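Results of the structural survey
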Amino acid sequence: MVSRASNQPDHHGGGTPLTRHDPDLLIRTSWVDASYACIQIQRGRATGNIRALRCRVCMQQYLLRVGRFIQIHCGKVVFLGLLLLSLCCVGLKTMTLETKIEDLWVEDGGRLSRELAYVVSQLGEGSGTTSELVLQLPKVSAANVLTVQSLLLHLDALKVASKVEIYMFDKPWTFKEICSMASFPSFGEDAWYSNILYKLQPCMIITVLDCFWEGSKLLGPEEPVTFLGYDQIKWTNLNPKMIVEHIGESHEMRNIEEMLNRSGISSAYQEKPCLNPYDPDCPETAPNYESKQSPDVGAVVTDGCSGFATKFMHWEENLILGGIHKNRSGSITRAEALLSMVQLMGELDLYEFYKDHHKVQGIDWNQNASRQVLEVWQRTFTQEVEKAVLAQNKTQDYSVYSFSSTSLVDILEHFSQSSILRVVLGYIFMLIYTSLMLMKLNDTVQSHAAVGVAGVLLVALSVAAGLGICSVVGIKFNASSTQIIPFLAMGLGVNDVFLIAHTYSQLSESGIAFREQTGECLKRIGVTILLTSFGNSSAFFVASIIPIPAMRTFCLQCAVVTLFHMASILLVYPAIMSLDLKRQREQRIDLFCCFKRFALTSDVSLPLPDISSSRPVRYGRRHRTDGRRSHVMHQTVAFTDLDGSRPTTTLAAADTSRPSARSIDVRSPPHSTASSSQCLASAESNSWCKCLTPCCHRAIRWSLSHFAKNVYGPCLQQTPVKILVICLFLVCLVAGIVGIARIKDGLDLTDIVPRFTKEYKFLEGQSKYFGFYHFFAVTQSNFDYSSTNGQMLLHSYHQAFQQVDKIIKSDSGNLPDFWLQVFRSWLLEIQKAFDDDVASGYIVQSGSSKNATSSGRLGYKLIIQTGDNNNPRNTKRFTDGRLVDSTGIIYPPAFYVYLTAWTSNDPLGYEKSQAVFRPKPHEWIHDNSDPSDKIQRSRALTFAQLAFYLHNLGDTQSIITTIKEIRNICDTFSDRGLPNFPNGIIFTYWEQYINLRFFLMLALIAVLAVDFVVVTIVLVNPWSAVIVVVVMAMVVVELFGFMGLFSIKLNAIPAVILIVAVGVSLQFSIYVTMGFLTSTGTRNQRMVLALDYFFAPIFHGAVSTLVGVVMLCESEFQFIFKYFFVVLSAMVIVGMGNGLVLIPVVLSVIGPNAEVIPANDADQLPPPSPKPPSRPRADGERRPRCPMGKRGLQRMQPVDPMSTITEESSQYSSAISVDIVPEVVIKTSKRGRSPTVTFTTASSSVSGIETQDDKDICSSESHCCSCSRMRSHSHPVTESTMLPSNQQVTRIVATTRVKVEVHTPGPGVVSYLPEYKSKKRKRQDPVNASGITSPSQSSSSSEL
């Protein structure tokens, strides 16, 4: 056999020298060595994209130097890299988990963000009230809950809630101390009345039980009150109207009576029917007390229920009943759900209420402490209600569920926390899969399972390090960070691990020098990893322009993690591979590197025949007269490992000092190039392998690379298959477009709550029967509330909400009164009392008598107010002044004076309106005994709100429609001069969906644009970038459509997965595209070559990602299964399908030209070109001598499977290039007698004369020994050596196909030669005199 004569680089000296064991050099030239491709283009042997190649040369040279440095200092690099990554992981201790909805989904700097900031600036953080909800549902679907038994069960649940007590900061906290209570007016300095009213002051509970006497049992007080001879007073026996009448006329009683009348407080609960008329405490005034009959519950609750203050505490039926059914007369006949709301103070109100109270003395009382008290009480509330209801026998037909605002926060926090067990199991499965895929059972030394395990662990460490840095710089974590990134980053990282391991495995088999393997590996795959990692990180950074915090945080974290992954893969992982190279060199076992391999795979020495007498082969011309061809003879020796693997046929050494034995370097070829000899083993020493050998052989033979090269690739080359694939993906694209049109926006709260829990059942029932939400229409500063136009605009603004169908209205269809209407109604009542007293003569212009009513005196004080600080009172207004004119406009100059009086003297009305004025109006309590009429004017309002209740909002679409209706109203009045905006949970949580698609499209376009720019710059091939970006866009469309077809709603989580899909599809697409660009041949051939190299890494990377995310399907959260597992799995499958099916077909049809195109449309680059013919030596000139090293002649290197020899021409000869492709057939037999090891010299038939190889060999240090002239032999020489008996005999029959290219000097080169010699050459060698290459084919066979 013939080998290439020199491993000296045929290009320039910047890269790794060309090796005889690298078959990819001529078919994947720019992938292996771009500098060699550049030289071939410069020498005219090929054409191509020289700009791309020059760019690739720069990157490959840099990566080669980095790889060499890493291999030299591999231990230091591993230690330093792991140390730095571990230090970055420490940053995870500072991790902050964000669960607040407004901090996750509200657009930064957007309208909603500014609105929320304005509310906080006016009211403070944590203002308002919180609601604890109690929901009762029938266990039988559509059953009636309007029964006495059902309502009594509901009463028991609420009674438990009202008795909840906790201990915080060594203090007891009862329901009465933290609830939101109805406010009563102060009575000046009369503390006795104020103290009595405070004890009777009830907590606010909105419930259907307010329609019955039993509702009074929830109001307390815990300790009965003694009042003017009435003992044991509670709301169960309190009749305020009767007490006032019994006490009689007095100054104080008249004030109380007027307050009760204005509030609608009369007999309280004493005249309401009893659910249980046999209750001993049922009042005699109850309608069914005498009859002892149960009330008609449906008829009683029709039109809603009222609390103790009927004027300000009326609960509409849609607020407290769900699934209502009415008869023709409008009376309720049945309902399917009951809902009650227990009102608690907000954290800010609780803090301010107790900040000067003796209860918190000795406590570091602040808003955070008040928040802790509320959270603990709410959790205890839900637990106690559940326990109490389960203890009742009445739960056979009904279910009671409690829910608090803290429950929602706990759910979001629990959902946002990543399951450590799930992540660990996912990584373990990934480790197992990776190790199994990279393990070689037939060769434990050449196995790379440990490298795969180390790669997975390194990727995991880099993910943790990247997230740690994110935490340090202040990037907060959320559900997408904890649930997606650990699995996504692992999947993306393992793709690169498989690619590196695949390249590393091939290089370790190729015979490249040990010190060059890491550098060569980085040189080949480093550009691809840089391209994908830099493209993904740049895309994620650009996508962070999305103003939604959750999506921005996710993109930033993905970008940082991608950069850490790139650094780890390109710097630390090659150092780990270098350590593994040392393990292989020392023949240590994979995964058990402390042990060397067993005797089964130990080195074996075979005796060699004495061939010292054989003469070296001479490449020269023999003049024959018989017309037969001359032969160039080579002596070869074949070696195999003990297990029969790695058959190697090499040239026999030309020196005479040959050793008598040779150690065999045991190697195992990669799966894709394995031969049948890999499973040969010794019968005596490999007894346990006999069973494994067939399995190993089949597994090796049918590897993914073999499948891609011999089955899958040729299949895709067929035109019908291409048409089928294109049609199939066009159908998928159309289906994706249809799915996009069908996809809905939103995220149901039931999706983020584990099924079969009480929270899930509560949210499901609440959404089904109520869909209840509370919102406010906020008016801002820079508006004149007191002017006539301002008041008219406010009334119009309120009336405009009448058109919103989902707002709860009264039975008459009207909206509930807002603060200006309540304010005006109170003034009208005061005006009427004043007019009555004036008519009675109790009030005159100079003052009032003591017979005047309290309201009349208050009216007098208000009417004479002017609102002018310089002249605050004017008694002339007594005759014609009105608090409210005939058009309903409050007297504008004194508007803020009246506002002070109203908020202080009508607290129930002010609380009922929920106006929450800012700045807070001044406090002024009217006192009949105080003749002073000085009332301080309040400051101009900068904040006020109108309260509304929404219902029947069970799905996202209806919520978004309602949001748009409300926004249109607000925008309309903003244009009319009323600065306003809506505020509520529906806007904070659901308004994101209005602009979500716009921001998603913006992010996708930005990501695709950045990837296009990056790919174009790196590959210097815009057409390739176009194809890659189009396929990536198709992946997004198909995944988007998949979500629509499978009823997966669009929200922030699928949105970020769609952005991630671009990065995943970039990896799948760019791998195949790079393989296609860097290969030679036709489009079909290049497509097969790309699949041959990249099919296995892509497939393993995708499967490992699926293995990693498979643990998500076991999550108790339906949301994690539906939106994470399903969507992530679909993303990987769709991306892999497009990367391994669509893009190869597209490239084979309209793919770009190769970076290197061999001349004459050849399938591969020609072998290295011969040097020009040497000039003839002058007479007496001595032949140059080959340089000799200190060690003398060196042994010839092993033969490359794809070898080329360049024949040296003499003064009269042509240059001959010989290309050899051997085919080896191995037969094994066992003989009882002593077998013979036969060494045969194989002859290669060549046409020509003395070749250029002599001089080429002289130019290489490793072949300087070959300078001596070798004489050719015309027949094979065989020598035999007897071996011991009972040995296995391997018979190798090698057939060699030889391609000979004869390069004849051009005209003029030998014009000085004698004419007769030129003619004689033409007769003997009929070669085109013009120098055209004349290829010839010959074959020879040899036996060993």
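Anyway, here's the lowdown on the structure attached to this text. Just so it is clear, the model here is predicted, and its values are computed rather than measured.

A word on the packing of helix α37 (residues 1052–1077) against helix α39 (residues 1118–1150). Interhelical geometry of α37 versus α39 gives an angle of 25° and a closest axis separation of 9 Å. Of the possible angle classes, the one that applies to α37 and α39 is roughly parallel. Between α37 and α39 lies a crossing of right-handed hand.

Next up on the list: the sheet that holds strand β24 (residues 944–950). Sheet architecture is open: three strands sit in the order β24-β21-β25, paired in antiparallel fashion. The two strands at the open ends of the sheet, each matched to only one other strand, are β24 and β25 (980–984). Recorded for the sheet is a direction-independent mean angle of 25° between the axes of neighbouring strands. In terms of strand pairing, strand β21 (residues 773–779) meets β24 through seven bridges, oriented antiparallel. Within β24, the position partnered with His774 by the bridge is Tyr949. Contacting β21, β24 and β25, helix α27 (residues 788–800) runs over the sheet at an angle of about 155° to β21.

On to unusual backbone geometry, then. Of note, the amide linkage connecting Arg918 to Pro919 takes the cis form, showing an omega dihedral of 0°. Inspection of the secondary structure puts Pro919 in the loop between α32 (907–913) and β24. Even without glycine at this site, Ala142 takes up a positive phi of about 70°. Secondary-structure assignment places Ala142 in the loop between β2 (129–138) and α7 (148–162). Phi is positive for Val916, close to 50°, though the residue is something other than glycine. Tracing the backbone through its elements, the reader meets Val916 in the loop between α32 and β24. Since its relative accessible area comes to 27%, Val916 is described here as partly exposed.

On the surface, a nonpolar cluster with roughly 820 Å² of combined accessible area is contributed by Ile726, Leu730, Phe1012, Val1013, Ile1017, Trp1023, Val1026, Val1030, Val1149 and Ile1150. Elements with a contribution of two residues or more to the nonpolar patch: α25 (719–742), α35 (992–1019), α36 (1022–1045) and α39. The residue Phe1012 is located in helix α35 in this model.

Our next topic: the side chain of Thr903. Here Thr903 lies in helix α31 (residues 895–905). Note on Thr903: relative accessible area 12%, which makes it buried. With sequence-adjacent residues up to four places away left out, Thr903 is seen in contact with Tyr910, Phe917, Pro921 and His922.

About the criteria used
- Residues numbered from 1 in each chain as written.
- Predicted model: local features only at pLDDT ≥ 70, side-chain atom pairs only at ≥ 80, totals over all residues.
- Heavy atoms only, no water.
- Axes fitted to C-alpha atoms, helices over the stretch in contact; angles between N-to-C directions.
- Helix = DSSP H or I, 4+ residues; strand = E, 2+ residues; numbered from the N terminus.
- Parallel < 35°, antiparallel > 145°, perpendicular 65-115°, else oblique.
- Left-handed = near helix turned anticlockwise from the far one by under 90°.
- Pairing = 2+ DSSP bridges.
- Contact = heavy atoms within 4.5 Å.
- Buried < 20%, exposed > 50% of the residue type's maximum accessible area, 1.4 Å probe, protein only.
- Patch = residues over 30% accessible without salt bridge, like charges linked within 9 Å, V, L, I, M, F, W, Y side chains within 5 Å.
- Areas by Shrake-Rupley, 256 points an atom, 1.4 Å probe, with all protein chains shown as cover.
- Salt bridge = Lys/Arg side-chain N within 4 Å of Asp/Glu carboxyl O.

Worth remembering: the numbers are spatial, not functional.
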